[in-house]
Amino acid sequence: PTQTVGYRVPAQTPFQKITHAHPMRSLSNAFSEEDLIAFDQRVRAITPSVTYVVEPKVDGLAATVVYEQGHLRYGATRGDGVTGEDITHNLKTLKHVPHSLQTAVDLEVRGEVFMPKEAFLNLNAKRQEAGEELFKNPRNAAAGTMRQLDATVVKERNLAWFIYGLADNTFWPDLTHMQTLEKLKTLGFKVEDGALAVPTMQDVLKVVQDFEQHRHQHPYEIDGVVIKVNERHLYETLGFTNKSPKYAIAYKFKAEEVQTRLTEVTFQVGRTGQITPVAHLVPVSVAGTVVSKATLHNEAYIEERDIRLGDTVLIKKAGDIIPEVIRPLLDQRPAESQPLRFIRHCPVCDAPLKKDPDAAAYYCVNALCEAQQKEKIRHFVTRKAMNIEGLGEKNVALFYDTGYVQSLVDIYKLKDHEEALKALPGLGEKSIDKVLENIEKSKSQPLERLLFGLGLRHIGEVGAKRLAAAFKTLEALSEASFEALIEVEDVGETMAASVRQFFEDTHNQALIAQLKTLGLRFDTDQTVTLENSFFKGKIFVLTGSLETMTRQEAAAEIERRGGKVSSAVSAKTDVLVAGEAAGSKLTKAQALNVTIIDEATLRTQLGLNA
């Protein structure tokens with residue numbers, strides 16, 4: 001125990017950049033048997049006599065570790081494939097990362113940092129109890145954890161590590177890939193035990209099918225399998241593309257569809273008053289988690305699919321995250337079933353609902369509806385808005401129900417109730433101190449975040465950025481005419497009308513005046529533009545996970561250079577930025593012949609690799 005490394009890195013110390021001795025390339029993706037057969041044909045066109053290894057694709061964070069004379073020297077993230085970040089202090093806390101090897105050898109190994117399912121559930125349970133935002137999935141949790149400056153936090157979260165190969169293909173050249181994995185075990189490394197050697201692509205297809213059928217039996221998430229040529233001495237002959245080796249490919253599993261029964265439909269009220277129907281289901285395991293609720297979107301969605309109570313339905317997780325009902329199985333429908341009727345009054349305040357004439361949505365028009373107030377507060381404090389950590393859904397509900405936060409203004413008056421808050425059940429002195437500290441920090445958030453947090457109808461994250469960049473201050477925006485608003489890029493008549501309606505409302509005018517008195521910032525940092533011909537006037541879509549920046553940060557950099565960022569791939573899309581674990585958007589972009597670039601290319605075009 002006295003030799004365990006887990007020191008605290010000073011908060012002001014950034015992650016140092018490390019240039020990889022051997023590039024950390026990402027794998028190209030396959031989504032069908034046809035893609036795998038085409039891969040096999042490309043390989044055999046260069047070298048006909050090959051066999052393959054199929055191994056689970058652990059859904060985590062790629063990292064590299066360098067050893068000198070058997071002692072761990074440093075570890076780093078993939079980054080852009082050429083340059084990563086030093087995460088040595090965090091890697092050393094992982095159980096299966098040896099600090100010294102059985103043999104005094106110089107080598108660099110590549111592996112995957114991941115969070116086992118049990119550790120993920122335990123972590124989210126603690127975060128929920130503390131009122132903190134939950135991690136969406138184990139991969140996000142692992143990536144977020146490895147960016148902690150405090151290594152003791154990393155150690156507490158019980159991450160794991162598997163080795164999947166060597167950085168240098170010329171090291172131990174006489175060994176096959178399977179033999180290399182066995183050799184690494186003898187040195188003290190932990191290797192995923194599911195790898196299988198098979199002679200032909202037909203055998204690969206059978207193994208892939210078996211992995212897909214049993215994907216959820218693993219104690220950690222796998223989102224596909226990796227197929228590699230087993231003969232490592234052929235790797236240099238097979239070569240590389242700009243970003244991927246030609247001797248390996250990643251097969252991505254299809255979204256899992258599962259049958260269950262619809263037992264009840266309830267209706268949720270959002271921050272804008274929009275009513276969303278929610279299906280209550282007989283609990284069933286989907287993509288590794290138990291699902292008991294799923295979205296039904298709106299009245300039109302229900303009517304088009306004729307979804308009814310008592311139906312046996314197919315569900316899936318959209319993007320492997322959000323459960324949704326796909327369709328009912330009509331041959332299993334009860335004879336006495338009746339069509340679902342959408343409600344016409346708010347389920348919380350009983351106010352009449354109003355239908356949006358331009359959409360399928362219904363709205364509660366009572367601005368003082370309790371459900372709307374809670375959702376407005378919850379939205380205001382989220383990461384993309386004012387980013388007030390510690391004010392998660394649980395604490396927002398607690399503070400609302402106890403009367404301390406009934407409006408956005410009350411958030412900034414919580415400090416007046418500090419002692420009373422510390423006496424509330426489930427809260428302690430440290431957690432309240434942290435919440436109050438984060439509330440004060442949020443006052444410096446720029447205009448675009450405040451505007452997004454205020455939750456104007458039809459104004460999303462991108463719209464808020466556009467308006468903030470155009471008018472610079474909240475005062476100028478509040479005085480802008482309808483004609484001036486529609487001159488702003490990406491702001492149409494509906495959005496412009498929403499802005500005017502918001503600022504003409506006397507309740508909102510009073511809210512803004514109070515927020516100003518409380519010291520919130522009403523201007524923006526968006527003064528610098530770096531127009532670039534690669535970006536100017538083009539529509540970009542971001543998909544998959546980026547290693548060196550968040551997708552929000554990447555979008556901001558693209559927009560600063562004159563590009564636009566969209567959430568969906570269409571015929572109008574100019575460029576798709578494909579990160580790690582890119583899925584259906586990549587497939588659609590390929591079908592539409594959209595230009596596809598990786599993160600390294602994006603950073604080069606942004607001028608961030610210098």
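Just so it is clear, the structure is predicted and the values come from calculations on it, not from any experiment.

Reading guide: rules and limits
Residues numbered from 1 in each chain as written. Predicted model: local features only at pLDDT ≥ 70, side-chain atom pairs only at ≥ 80, totals over all residues. Heavy atoms only, no water. Helix = DSSP H or I, 4+ residues; strand = E, 2+ residues; numbered from the N terminus. Rg over C-alpha atoms; globule rule 2.2 N^0.38 Å. Buried < 20%, exposed > 50% of the residue type's maximum accessible area, 1.4 Å probe, protein only. Pairing = 2+ DSSP bridges. Axes fitted to C-alpha atoms, helices over the stretch in contact; angles between N-to-C directions. Contact = heavy atoms within 4.5 Å. pLDDT = per-residue confidence, 0-100. Expected span 1.5 Å × (residues − 1). Arc of directions from axis to C-beta.

### Some words on the overall build of the protein chain
The helix and strand tally for the protein chain stands at 23 helices and 22 strands. In terms of C-alpha radius of gyration, the protein chain reaches 26 Å, essentially the compact-globule figure of 25 Å for 610 residues. For the C-alpha atoms alone, the extent of the protein chain along its principal axes is close to 75 × 65 × 55 Å. By residue count, 49% of the 610 residues in the protein chain fall in the buried class.

### A few points about unusual backbone geometry
Unusually for a residue other than glycine, His-297 sits at a positive phi of about 70 degrees. With relative accessibility at 31%, the residue His-297 sits in the partly exposed group. Notably, Asp-350 is not glycine yet its phi reads approximately 70 degrees, a positive angle. Looking at where Asp-350 falls in the secondary structure, it is placed in the loop between β16 (322–328) and β17 (353–355).

### Examining the sheet that holds strand β7 (residues 107–114)
Pairing is antiparallel in the open sheet, where four strands are placed in the order β5-β4-β7-β8. The open sheet is flanked by β5 (71–77) and β8 (160–166), the only strands paired with a single partner. Averaged over all neighbouring strand pairs, the angle between strand axes comes to 30 degrees, with direction disregarded. Packed onto the sheet, helix α6 (residues 177–187) meets β7 and β8 and runs at close to 130 degrees relative to β8.

### Description of the confidence of the model for the protein chain
It should be kept in mind that the predicted coordinates are not to be read in detail where pLDDT is low. Looking at the protein chain as a whole, the pLDDT averages 88, with 95% of positions reaching at least 70. The weakest mean pLDDT in the protein chain belongs to helix α21 (residues 551–560) at 82; the strongest belongs to helix α12 (residues 408–411) at 96. Considering only residues more than four positions removed or in separate chains, one finds that residues 6–13, a stretch of pLDDT under 50, has twelve contacts.

### Some details on the side chain of Asn-230
Within the secondary structure layout, Asn-230 lies in the loop between β10 (222–229) and α8 (235–238). Apart from residues no more than four positions distant in its own chain, Asn-230 is found in contact with Thr-51, Tyr-52, Val-53, Thr-176, His-177, Met-178, Ala-197 and Tyr-235.

### A short note on helix α14 (residues 429–442)
For the α-helix, the turn length of 3.6 residues means that residues three or four positions removed from each other point alike. With 14 residues, α14 should cover 20 Å at 1.5 Å per step; its first-to-last C-alpha distance of 20 Å lies within 8% of that length. For α14, every residue scored as buried is listed here: Ile-432, Val-435, Leu-436, Asn-438, Ile-439 and Ser-442. Down the axis of α14, the buried set is contained in an arc of 160 degrees. They therefore lie on one face. In α14, the exposed positions angled more than 90 degrees off the buried face are occupied by Glu-429 and Lys-430. On its buried face, α14 is in contact with α11 (393–401), α12 and α13 (418–422).

### Topic: helix α1 (residues 33–46)
Counted at 1.5 Å a residue, the expected span for α1 with its 14 residues is 20 Å, and the 21 Å between its end C-alpha atoms agrees. Where α1 is concerned, the buried positions are Leu-36, Phe-39, Asp-40 and Val-43. An end-on view of α1 places all buried positions within 100 degrees of arc, on one side of the element. Within α1, the exposed residues directed more than 90 degrees away from the buried face are Glu-34, Gln-41 and Ala-45. Tucked into the core, α1 has its buried residues touching β2 (29–30), β3 (52–58), α7 (201–213), β10, α8 and β11 (248–252).

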